[in-house]
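Reading the structure
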Amino acid sequence: MTWINIGMNIIVIFFLLTGTFFIFSTSIGLLRFPDIYTRLHASTKAATLGVAGILIGSFLFLYAEHGIVSGKLLLGIAFMLLTAPVSGHMISRAAHNSGVKPWGDKVEDEYEKVKNLKSE
Amino acid sequence: MPFQIVLNLIIAVMWMFLSESYSFASFFAGYIIGIFLLFLLRRFIPDAFYMKRLTKIISLILLFMKELILSNLEIVKLVYRRNPDIKPGIFALPTELKSNWEITLLANLITLTPGTLTVAVSDDNTVLYIHAMDIDDIDEAIRSIKDTFEKAIMEVTR
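As the structure is a computational prediction, the values presented were derived from the model and not from experiment.

What follows concerns the overall build of chain B. A count of helices and strands for chain B gives five helices and three strands. The order of helices and strands in chain B, counted from the N terminus, is α-α-α-β-α-β-β-α. The globule rule puts the C-alpha radius of gyration for 158 residues at 15 Å, and the 22 Å found for chain B is more than 25% above it. Across its three principal axes, chain B shows a C-alpha extent of roughly 70 × 35 × 25 Å. The buried share of chain B, reckoned over its 158 residues, is 42%. A sequence separation of at least 24 residues applies to 65% of the contacts in chain B between residues at least 6 apart. Put simply, chain B shows about 9,000 Å² of open surface, and 68% of that area lies on carbon and sulfur atoms.

Right, here's the structure in full:
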């Protein structure tokens, strides 16, 4: 066990722990936030960084321990960044179109106004 | 830009054949040499030097990473607060971007930035409807989106 190995392990552990922490926060946020839109805030953002952190950690581990450059993990991060916002957008749009109101009293909703104008 | 990339690839393959080692390393070396040659001959080749655009794309990606990390810290702060004093709402953001590609990119960037989530795009592609965690500082949100993201996207695509 050399110092380089120990340093590499610390970096890998750091990435894995931050990734896990963000995913854990996502699930707490899903439970605590009041309505679907705020919950989507939690799940689209924190989950993206959490999964990215775990993938980076495993990429570094594979490279340091076995000398494998795993392109799959990097591609996974790229696709995560591409697809998470799109799915969040589609879910929130579907929710709004099926009539879910944002949480709170006297809430400002420009999209609702525009939709009402169109249907008249 | 496509012409320059093809030229660069041809130089890289040529370098691979000239040095008679058919590996990724020599291809990469050839590609670097191609970039250098294109840089030297940039005034005789049509269109701007394509590395300039590439640096802009890279800076956009870096901006994206920065905003992603900031927004995550924001969300985590909200998650663990005892009484999250949030006031959500949906506001409209008029945009100057035209093509589908640009608007998709902008919507994705907005979704991954602090406190905002794209809910819908109007039918004529001119207005984005955005759900904000805190509706009170929308003016600031609109200004920051316009200043940073729209500008960065425009620099890449135009």
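Here the narrative resumes, following the displayed structure.
Our focus in this paragraph is a negative patch on the surface. Where like charges cluster on the molecular surface, the negative patch consists of B:Glu74, B:Asp134, B:Asp137, B:Asp139 and B:Glu140. For B:Glu74, the position within the fold is in helix H3 (residues 50–79).

A separate point is the interface of chain A and chain B. On the chain B side, the residues contacting the 36 residues of chain A number 38 residues. Summed over both partners, the interface of chain A with chain B comes to about 3,100 Å²; 71% of that surface belongs to carbon and sulfur atoms. Considering only the side of chain A, the residues that lose the most area to chain B are A:Arg32, A:His41 and A:Lys45, jointly responsible for 20% of the buried surface there. Here chain A and chain B share zero salt bridges between them. Where chain A meets chain B, there are eight residue pairs in polar contact (both at pLDDT 80 or more). Of all elements in the fold, only helix H1 (3–32), helix H2 (36–66), helix H3 (71–97) and helix H4 (110–119) of chain A reach the threshold of two or more residues within the side of chain A that touches chain B.

The next point concerns the sheet that holds strand S3 (residues 127–132) of chain B. Residue and element names in this part refer to chain B. Spatially, S1-S3-S2 is the arrangement adopted by the three strands of the open sheet, whose pairing is antiparallel. Only two strands of the sheet have a single neighbouring strand rather than two, namely strand S1 (89–94) and strand S2 (116–121). Between one strand and the next, the sheet's axes are offset by a mean angle of 35 degrees, whatever the strand orientation. Taken together, the five bridges between S2 and S3 define a ladder with antiparallel strand orientation.

Let us now look at the UniProt feature "transmembrane region" (unreviewed entry) in chain A. All names here are of chain A. The UniProt record marks residues 6–34, 46–64 and 70–91 with the feature "transmembrane region" (unreviewed entry), using the residue numbering of this structure. Measuring from the first to the last C-alpha atom of residues 6–34 gives 44 Å, for a span that is 93% helix and 0% strand. Within the segment residues 70–91, helix and strand shares are 95% and 0% respectively, and the terminal C-alpha atoms sit 32 Å apart.

Attention now goes to the pairing of S3(B). Residues and elements named next belong to chain B. Burial within S3 is extensive, with six of its six residues counted as buried. Burial along S3 is two-sided: the face carrying Val127, Tyr129 and His131 and the face carrying Leu128, Ile130 and Ala132 are both buried. Where S1 meets S3, six bridges bridge the pair, whose relative direction is antiparallel. Note that in S3 the partner of isoleucine 90 across the bridge is histidine 131.

Moving on, we come to unusual backbone geometry. Located in the positive-phi region is B:Glu20, a residue other than glycine, with phi close to 55 degrees. Secondary-structure assignment places B:Glu20 in the loop between helix H1 (2–19) and helix H2 (24–40).

Moving on: the nonpolar core. Ranked by internal contacts, the top residues of the largest apolar core, which has 34 residues, are B:Phe91 and B:Leu106. When residues of this core are traced back to their parent elements, those giving at least two are H1, H2 and H3 of chain A together with H3, S1, helix H4 (100–111), S3 and helix H5 (138–157) of chain B. With seven residues, H5(B) is the single largest residue contributor to this core. Filtering out sequence-adjacent residues up to four positions away, B:Leu106 remains in contact with B:Thr95, B:Leu97, B:Leu128, B:Ile145, B:Phe149, B:Glu150 and B:Ile153.

Criteria and cut-off values
Residues numbered from 1 in each chain as written. Chains lettered and ligands numbered in written order. Predicted model: local features only at pLDDT ≥ 70, side-chain atom pairs only at ≥ 80, totals over all residues. Heavy atoms only, no water. Helix = DSSP H or I, 4+ residues; strand = E, 2+ residues; numbered from the N terminus. Rg over C-alpha atoms; globule rule 2.2 N^0.38 Å. Buried < 20%, exposed > 50% of the residue type's maximum accessible area, 1.4 Å probe, protein only. Contact = heavy atoms within 4.5 Å. Areas by Shrake-Rupley, 256 points an atom, 1.4 Å probe, with all protein chains shown as cover. Patch = residues over 30% accessible without salt bridge, like charges linked within 9 Å, V, L, I, M, F, W, Y side chains within 5 Å. Salt bridge = Lys/Arg side-chain N within 4 Å of Asp/Glu carboxyl O. Lys, Arg positive; Asp, Glu negative; His and termini not counted. Charge placed at Lys NZ, Arg CZ, Asp CG, Glu CD. Buried area = accessible area lost by both parts, 1.4 Å probe. Polar contact = N/O pair within 3.5 Å; in protein donor to acceptor, adjacent residues only side chain to side chain. Pairing = 2+ DSSP bridges. Axes fitted to C-alpha atoms, helices over the stretch in contact; angles between N-to-C directions. UniProt positions renumbered as here; feature names shortened; annotations may be inferred. Core = buried A, V, L, I, M, F, W, Y, C linked by side-chain atoms within 4.5 Å.

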